[in-house]
Structure formats: structure tokens, C-alpha cells
Amino acid sequence: MASSSPFSPLLLPVNCRPQPQEPVSLLPAALVHSPSAASLRSRSALGVSNWTRSRLPAIAAVSSSSSSSSATSDSGGSPLHALIFDCDGVILESEHLHRQAYNDAFAHFNVRCPSSPSQQIYWDSDFYDELQNRIGGGKPKMRWYFGENGWPSSSISEEPPAGDEDRARLIDTLQDWKTERYKEIIKSGTVKPRPGVIRLMDDAKAAGIKLAVCSAATKSSVILCLENLLGVDRFKQLNCFLAGDDVKEKKPDPSIYKTAAKILGVLPENCLVVEDSVIGLQAASGAEMHCLVTFTSSTANQDFKDAIAIYPDLSNVRNSNYVHPHPLLMTDQPIKSTRWTLVF
């Protein structure tokens, strides 16, 4: 594969492209938990979108056990009613597992594109990082790749599919096999949830905050992940669960988050989304929800200027009754702010 990027800048949003890393002195020290976090720019330094600027809430979690819980704020705002998690990259570090499953599917079906007919398709880590950070959903990824490199021959069809129906059948077959392979990897027991995820879910649930998971991945694979990583009981206690099968458009389209708000019976401004990539951030922002980013090694260099906070993981993010930039963002050294207050 050529070293130059295969992505056309005409096809990709400008703010999806990798941003230059610079030392940032404005990032609060309490947010810096790893060297990579130091290269991320703070939201206050970059400004916020118009809708957020006028609606930054002083979020107070509404506790089912306390009648005194209320939103307290210098600027006014809405209480936090729902905490919504992405799955891949947020609940588990999974992109390398998906890449392995795709490559196994390409090898199993001997998938070869006209651009490299002597070689089976193989997505290396650098390419897949770029691909998954720009195109949400497995089928759209393959459709884009085949469109750029030529529709492939395979054991599914000796001749490259020419019509829409045959192309859809090829992608469906590859995606179904890939999903089953991914499930095998998850069932192996070697995959663990990312730090802080389960504790934060449990704390929010105890505070009366509704919980949801919204993933662009195939529903059956997400269910398997959640049952294995969160536990069956915790999965059943989710107030809402949506996967890529449940909406017509994938992230960065905001449909999945708008649908979740309707199911949960909450307003978008009463939701906090936890995402790991700019695609997810765009989806949350498009739904007019606030978004916290917990980045991964493959997304650390992305431009998260529209996130309310940026963390390498959730291990030091917890509920607090202190004043913070966001009520769920309590680090070992509290960040001083008069914008948000949490009351339990």
C-alpha cells in the first residue's frame, strides 16, 4: 500500500483531518493523565459552537433518592438526565479487533481488488486508523474501499460484482462473516472494558441518571460485547440500547442520538454523550448534545474542539458534589469552575 493517504480531501470533512500537535499551556493540569493528552487543545482555548455557547448547562444530576437535587448555576441550565456511551473505543478498546476480523474475512473469501489482483486485501493498522476515523459502520467502510480500489473478485463471486444487488450481497456476506469472527474474539475472554467505564455507569445509575449505549456496529456483536464486558444484569438495566441496525444513517449523522433521546424521554440538552472519535463527536453535536471525549491511541490526534472535556480514559472521571467544568468530571485534583455544579 502506498504511503500517501488514499483518502481524497474532497470526500472528507476538513475537521476530520489530522491536526498538528502543539504544546498547550491552557489545558488544566488535572486533565493531563498521559503524555498524549498534553497535545490536545482545551475547549476554552478554541471556543464553542453557537448552540453550545448559548446553552452551556449548569448540570445537576437528578437523584431518585433526594428531593433536594436541582440545577444550580451562575448561568442557568438543565439537569443531567441521561448519560449515553458509544461502544467501540469507549467501553472497550476494539478497533484492532475489528481490523483483525475484517482481514480474516478477506482472507477467508480470498478477496482481491483489481488494483492488486495478486494479493488478498489486507488493512494495516495505519490505514485502518485513518479509515475508521472517517467512515462509520463496517458496510460503508467496505463500500468506500471497493469504490476507490475497484470491486473485488472473491470465492463468493469469481467475477467482480457489477450490479447493486450483487455488490450488496458481497458486502452483506463479508460483514456477516466478519461479525461472527469478531464475536469469537470477544468470547475468548481476553478483552476487558476500558478503565473507569463500569464504575461511572454504576455511579450514574445510582444517582438516578438514565443510561444508554448507542453504537454504529452490528447489533448482535454489540450485544455480545456488552453482555461479556458489562455483565448481563448491567446490560439489561440500560434504559436504551441502539445499534447501527436501528437507524438508516450511520455516525456522524446524529440520527442514533436523536432516536435515543426520544426513547429515553429526555431533551438533547439534558444528555451527556461519551465518545472516542470525531465522527462520534460530530453525531452528538449534530443532535445538540454535550460530548465528553475519551480518546484512544488511534484517535488521540483528532480535533476535538467541540468536546466539553477530553480524557485518555475514564479512570479519573467520577461523580462529585464539587464545582467542576462538568459534574461527572472529577479528577484527583478538582478543576475550579463556577459554570457547573452537581448536587446529589
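For the structure itself, look to the data block above.
So, here's what we can say about the structure. (Residues numbered from 1 in each chain as written. Predicted model: local features only at pLDDT ≥ 70, side-chain atom pairs only at ≥ 80, totals over all residues. Heavy atoms only, no water.)

**Brief notes about the packing of aromatic side chains**
The geometry of two aromatic rings is summed up by the distance between their centres and the angle between their planes.
Part 1 of the argument: Under the counting rule described, the total for this entry stands at 12 aromatic pairs.
Part 2 of the argument: Ring plane angle 50° and centroid distance 5.4 Å describe the contact between tyrosine 102 and tryptophan 123, whose orientation is recorded as tilted. Note that tyrosine 102 is positioned in helix H3 (residues 95-108) and tryptophan 123 in the loop between H3 and helix H4 (125-132), a separation of 21 residues in sequence. The same class applies to tyrosine 102 and to tryptophan 123, which are both buried.
Part 3 of the argument: Measuring from centroid to centroid gives 6.0 Å for tryptophan 123 and tyrosine 128, while their planes differ by 25°, and the two rings are stacked. Here tryptophan 123 matches tyrosine 128 in class, with each residue buried.
Part 4 of the argument: Feature note: the residues Tyr102, Phe106, Trp123, Phe127, Tyr128, Tyr145, Phe146 and Trp151 constitute an aromatic cluster, connected by ring pairs.
Part 5 of the argument: Its guanidinium or amino end placed over the ring of tyrosine 182, lysine 178 lies 5.1 Å from that ring's centre, counting from NZ or CZ. (Phe/Tyr/Trp six-rings, centres within 6.5 Å; stacked < 30°, edge-to-face > 60°. Helix = DSSP H or I, 4+ residues; strand = E, 2+ residues; numbered from the N terminus. Buried < 20%, exposed > 50% of the residue type's maximum accessible area, 1.4 Å probe, protein only. Lys NZ or Arg CZ within 6 Å of the ring centre and 35° of its normal.)

**Things to note about the pairing of strand S4 (residues 271-275)**
Part 1 of the argument: With five of its five residues buried, S4 lies for the most part within the structure.
Part 2 of the argument: On S4, burial covers both faces: Cys271, Val273 and Glu275 on one face and Leu272 and Val274 on the other are all buried.
Part 3 of the argument: Alignment of strand S1 (residues 82-85) against S4, held across four bridges, turns out to be parallel. If you follow isoleucine 84 over to S4, its bridge partner there is valine 273.
Part 4 of the argument: Note that S4 and strand S5 (residues 290-294) share four bridges and pair parallel. For valine 274, the partnering residue across the bridge sits in S5 and is leucine 292. (Pairing = 2+ DSSP bridges.)

**Some thoughts on helix H7 (residues 197-206)**
Part 1 of the argument: Every buried residue of H7 is accounted for by Val197, Leu200, Met201 and Ala204. Projected onto a plane normal to the axis of H7, the buried residues spread over an arc of 100° and lie on a single side.
Part 2 of the argument: Against S1, strand S2 (210-214) and helix H9 (232-236) lie the buried residues of H7.
Part 3 of the argument: In the segment just after H7, glycine 208 is the residue with positive phi, at about 85°. (Arc of directions from axis to C-beta. Contact = heavy atoms within 4.5 Å.)

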